[in-house]
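Below, each chain spelled out in residue letters.
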Amino acid sequence: MDPGTPLRSGQDDGEGGATRTETDHQALDTASLSTPTKEHVAASGRPLVSIRGVSKQFANGTLAVRDVNLDLGAGEFVSLLGPSGCGKSTLLRMIAGLGAPSSGAIDWPTTGQDAGGAPERDLGFVFQDPTLMPWATALANVMMPLTLKGIRKSEADARAAQMLALVGLKGFEGAYPRELSGGMKMRVSIARGLVLKPKILLMDEPFAALDEITRHRLNDDLLELWWKEKFTAVFVTHSVFESVYLSKRIVVMAARPGRVMADLDVDAPYPRDELFRTSPEYANLCRVVSGKLKEAIGS
C-alpha cells in the first residue's frame, strides 16, 4: 500500500456485512493509517481464512457477533481491538473451530478437508492464561502437541527444546510451571502454540495480566518470532497502544452485538522497537486508533 494514503473505515454495504466501498470511506487526519482496499486483498492472492457473514447467537438469546466479514492473509499480524463484550474472543474461537457460527461461514481456501468434510485448520492457540500442565516440565508442556501428533520422542524433544530457545527459555527446559514467572509461563504457552509450525497463531489477550515492563518485552519478542517464522497472527487485545505497536492491521469492533466498525492498515515499517514506541508517529497512530475505538464504544 502506498505511504500517505489516508485512513478510511467502512460500514456495511448492504450486501454481506462490512465490505468496504468508496462511498463508505471516511478520511481521517493521518498519513500512516489506511483501510485495506479490495485491490490490496486481491493482489495478495487467496486469503488464509475467509470469514463471510458470520453471526453467533448463544442459547440464552445473546447475539455475541453479527454479520462479520474479514479476510486474513498469509503473514499478516492482525489485532482485534474493542471493548469487553464485543465478540473478539468468540470470533477467535470460531476461527479455531472451538465453536460454530449460527450463520455465515468461515472458510480456509488454501487447505484441504478432513474425512468429515471439515477444513484442516493449521493453527496454534494461545489462551488468556498459560494453561500449562502443572505436573509437567516446560519441555514436556511444549512437547504435548508433538506427542499427540505421534511424533517420535527424540524428534519431539529436539523440536520443543528449539522452540523454548526461540522464546528465550534456553536452560529452563526442566523447570515446572510453579518455578516460572508469569511472563515465562506465557513464553512456554507461545512455544507450545508454535511448535507444530502452524500457518496461523490465534492469541486471546495473552499479555493482559502481565506488568507493563514484561508486556513490552513480550511484545518485542513476539514480533521478532513473527518476523522470523512468517506465521499469520490474530491477536485479541483491549489496548490501543499494544495493537498499534504490533499490528499490520487493526480490526476495531463494537459491542452488543459484536461487529466490525473499522479495518485499518498500520503502515509503519518493521522491525519496530523502543524508538518507534516513543516516536511522534506512534503517538499519532495511537491517537487516531483511539478515536476509532471511541466511536465504536459510542455506536
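Residues numbered from 1 in each chain as written. Predicted model: local features only at pLDDT ≥ 70, side-chain atom pairs only at ≥ 80, totals over all residues. Heavy atoms only, no water.

Comments concerning unusual backbone geometry
1) Next: Note the cis peptide between R256 and P257, where omega equals -5 degrees.
2) Next: In this structure, P257 sits in the loop between β9 (249-254) and β10 (259-266).
3) Next: Cis geometry marks the peptide bond from Y270 to P271; its omega dihedral reads 0 degrees.
4) Next: The topology assignment puts P271 in the loop between β10 and α8 (274-277).
5) Next: For T131, which is not glycine, the phi dihedral falls at a positive 50 degrees.
6) Next: Here T131 is to be found in the loop between β6 (123-126) and α3 (138-148). (Helix = DSSP H or I, 4+ residues; strand = E, 2+ residues; numbered from the N terminus.)

Quick word on the packing of α3 against helix α5 (residues 182-194)
1) Next: Running from N to C, α3 and α5 point in directions that differ by 30 degrees, and their axes come no closer than 7 Å. Regarding the angle of α3 to α5, the classification is roughly parallel. For the pair α3 and α5, the crossing hand works out as right-handed. In contact with A138, N141, V142, M144 and P145 of α3, α5 contributes V188, A191 and R192.
2) Next: Of the residues belonging to the contact of α3 with α5, the class tally is six nonpolar, one polar and one charged. (Axes fitted to C-alpha atoms, helices over the stretch in contact; angles between N-to-C directions. Parallel < 35°, antiparallel > 145°, perpendicular 65-115°, else oblique. Left-handed = near helix turned anticlockwise from the far one by under 90°. Contact = heavy atoms within 4.5 Å. Nonpolar A, V, L, I, M, F, W, Y, C, P; charged D, E, K, R; others polar.)

A look at the pattern of salt bridges
1) Next: The final tally for this structure, using the stated rule, is 13 salt bridges.
2) Next: One salt bridge in this structure joins E242 and R215, with 2.8 Å as the shortest N-O distance. Placement of E242 in helix α7 (residues 240-246) and of R215 in helix α6 (residues 212-229) is noted, with a sequence separation of 27 residues between them. Each of the two residues, E242 as well as R215, counts as buried.
3) Next: Residues D220 and R277 are paired through a salt bridge, measuring 3.7 Å at the closest nitrogen-oxygen approach. Of this pair, D220 sits in helix α6 while R277 sits in helix α8, and the two are 57 residues apart along the sequence.
4) Next: Note on D220: relative accessible area 29%, which makes it partly exposed.
5) Next: Residue classification places R277 among the buried positions, given a relative accessible area of 11%.
6) Next: One connected set of salt bridges, linked through shared partners, spans E76, R249 and D263. (Salt bridge = Lys/Arg side-chain N within 4 Å of Asp/Glu carboxyl O. Buried < 20%, exposed > 50% of the residue type's maximum accessible area, 1.4 Å probe, protein only.)

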